[in-house]
Amino acid sequence: NQPLHYSGDKQVWDRKANRVELFGHAAVQQPGERLTADYIMIELNDRTLDAKGNCIYIASDSVIQGDEMHFNLETRTGTIVGGRVSTDRFSLAGERLNKLGEGRFQTHWGEYTTCRDCPNSWTIQAEDVDMEVEGYAYMSNVTAKIADTPAIWLPYLIVPMKSRRQSGLLFPQFGLDSNNGFRFVLP
């Protein structure tokens, strides 16, 4: 039951339903998090919201962007349609991302990368992704892409999402330049 602040160019409050609709530059804010969109409808009784158009959710550890967002403000769970989750350690994009809890995401046909450069030098595309920060990402029907070109296919892949060091497979680096030609580095 954190305090909830909201604003928009136009606000419509339905007292009977205890519902607020925000139109144009809509924003909803709780301590440590903020959501902006073109349109937001908040159900005040059950503390849920539906946002549409240019949705951006900013929290202390992540930024989530999407075409639509549907969230429970108490549990911080919900669905992001046509979205991307970005943190300082990874980026996950998909047609429909499900936020299942603090740092836990699922998606169907998602793309994962740890690249911070733009455009991404590599991504992993998977049919199904179940990811938990400080845990593992379980992926099926996986295609590793290098510069948007499919390079390796795997039926199943488990990627550690832990910030602490541990043993495992490190992704190789590939490069091409005029001085050295093709370059392959295995960490």
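Our subject is the structure that appears above.
Residues numbered from 1 in each chain as written. Predicted model: local features only at pLDDT ≥ 70, side-chain atom pairs only at ≥ 80, totals over all residues. Heavy atoms only, no water.

Asker: Can you break down the overall build of the protein residue by residue, with the values?
Answerer: Looking only at helices and strands, the protein has 0 helices and 14 strands in total. Written out in order from the N terminus, the α and β elements of the protein read β-β-β-β-β-β-β-β-β-β-β-β-β-β. Over its C-alpha atoms, taken along the principal directions, the protein stretches across nearly 70 × 35 × 25 Å. Scored against the burial criterion, the 187 residues of the protein give a buried share of 36%. Here the analysis covers contacts within the protein between residues at least 6 apart in sequence; of these, 26% occur between residues at least 24 apart. Of the roughly 11,200 Å² of accessible surface on the protein, 51% is carried by carbon and sulfur atoms. Positive and negative charge centroids in the protein, built from 19 and 24 side chains respectively, lie 4 Å apart. (Helix = DSSP H or I, 4+ residues; strand = E, 2+ residues; numbered from the N terminus. Buried < 20%, exposed > 50% of the residue type's maximum accessible area, 1.4 Å probe, protein only. Contact = heavy atoms within 4.5 Å. Areas by Shrake-Rupley, 256 points an atom, 1.4 Å probe, with all protein chains shown as cover. Lys, Arg positive; Asp, Glu negative; His and termini not counted. Charge placed at Lys NZ, Arg CZ, Asp CG, Glu CD.)

Asker: I'd love a proper account of the side chain of Glu 33, names of residues and values included.
Answerer: Along the chain, Glu 33 falls in strand S4 (residues 33-43). Looking at Glu 33, its side chain comes within polar contact range of the side chain of Arg 76, at 2.6 Å. Residue contacts for Glu 33: discarding those within four places in its chain leaves Val 28, Tyr 57, Ile 58, Ala 59 and Arg 76. (Polar contact = N/O pair within 3.5 Å; in protein donor to acceptor, adjacent residues only side chain to side chain.)

Asker: Which residues make up the pairing of strand S10 (residues 122-132), and what are the values?
Answerer: Looking at chain direction, strand S9 (residues 104-113) and S10 are connected through 8 bridges and run antiparallel. Bridge assignment links Arg 104 to a residue of S10, and that residue is Glu 132. Where S10 and strand S11 (residues 136-146) come together, 9 bridges link them in antiparallel fashion. Its bridge partner lying in S11, Trp 122 is registered against Ile 146. Linking S10 to S11, which pair antiparallel, is a turn of 3 residues; within it Glu 134 sits at a positive phi near 65°. (Pairing = 2+ DSSP bridges.)

Asker: Describe the environment of Gln 173, with residues and values.
Answerer: The residue Gln 173 is located in strand S13 (residues 173-177) in this model. Taking the C-alpha atoms as reference points, Gln 173 and Ile 146, 27 residues apart in sequence, are found 9.7 Å from one another. If near-sequence neighbours (up to four positions away) are discounted, Gln 173 is found in contact with Arg 183, Phe 184 and Val 185.

Asker: Describe the packing of aromatic side chains, and please don't skip the residues or the numbers.
Answerer: In total, this model carries 5 aromatic pairs according to the counting rule given. Arranged with centres 6.4 Å apart and planes meeting at 65°, the rings of Tyr 112 and Trp 122 form a pair that is edge-to-face. Here Trp 122 lies in strand S10 and Tyr 112 lies in strand S9, a separation of 10 residues in the sequence. In this structure Tyr 112 comes out as buried when scored by relative accessible area, which is 4%. With a relative accessible area of 15%, Trp 122 lands in the buried category. Grouping aromatic residues by their ring pairs yields a cluster made of Phe 90, Tyr 112 and Trp 122. (Phe/Tyr/Trp six-rings, centres within 6.5 Å; stacked < 30°, edge-to-face > 60°.)

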